[in-house]
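Reading the structure
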Amino acid sequence: MIGTPELIAIFGVIVLLFGAAKLPELARSMGSSVGEFKKAQKESEKSLKEFEKSLTEPAPAKTRVQETAEKMGIDIRGKTDDQLLDEIQKSSEKPKEVSEP
């Protein structure tokens, strides 16, 4: 644990390094840094709670577009319904390959 003599020595070194005029500016920047750190910490805790909540909740039901795309063999992971509709339309416009006997 840091005692009083150590704190005085640290403060003296800071005054010598930065000068007395720069101390208020240094304190403000340290304060804003601590505030930003706390803000980032709260945000990460919030996202962690949302992630844990998503693990415990059941997955949302698939839309009809997603079901149709899956039946057609289209990968639905990470795609919106609009993107899937475009892929369904493209695959339905492709001419079917006919194998000759």
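Residues numbered from 1 in each chain as written. Predicted model: local features only at pLDDT ≥ 70, side-chain atom pairs only at ≥ 80, totals over all residues. Heavy atoms only, no water.

**Observations regarding the environment of leucine 84**
- The residue leucine 84 is located in helix α4 (residues 81–93) in this model.
- Judged by its relative accessible area of 0%, leucine 84 is buried.
- For leucine 84 and alanine 9, which are 75 residues apart along the polypeptide, the C-alpha to C-alpha distance reads 66 Å.
- Residues within four places of leucine 84 in sequence aside, it is in contact with Val65, Gln66, Ala69, Ile74, Asp75, Ile76 and Lys79. (Helix = DSSP H or I, 4+ residues; strand = E, 2+ residues; numbered from the N terminus. Buried < 20%, exposed > 50% of the residue type's maximum accessible area, 1.4 Å probe, protein only. Contact = heavy atoms within 4.5 Å.)

**Here we look at the UniProt feature "transmembrane region" (unreviewed entry) in the protein chain**
- The UniProt feature table records "transmembrane region" (unreviewed entry) at residues 6–23.
- Annotation note: span residues 6–23, helix share 78%, strand share 0%, distance between end C-alpha atoms 19 Å. (UniProt positions renumbered as here; feature names shortened; annotations may be inferred.)

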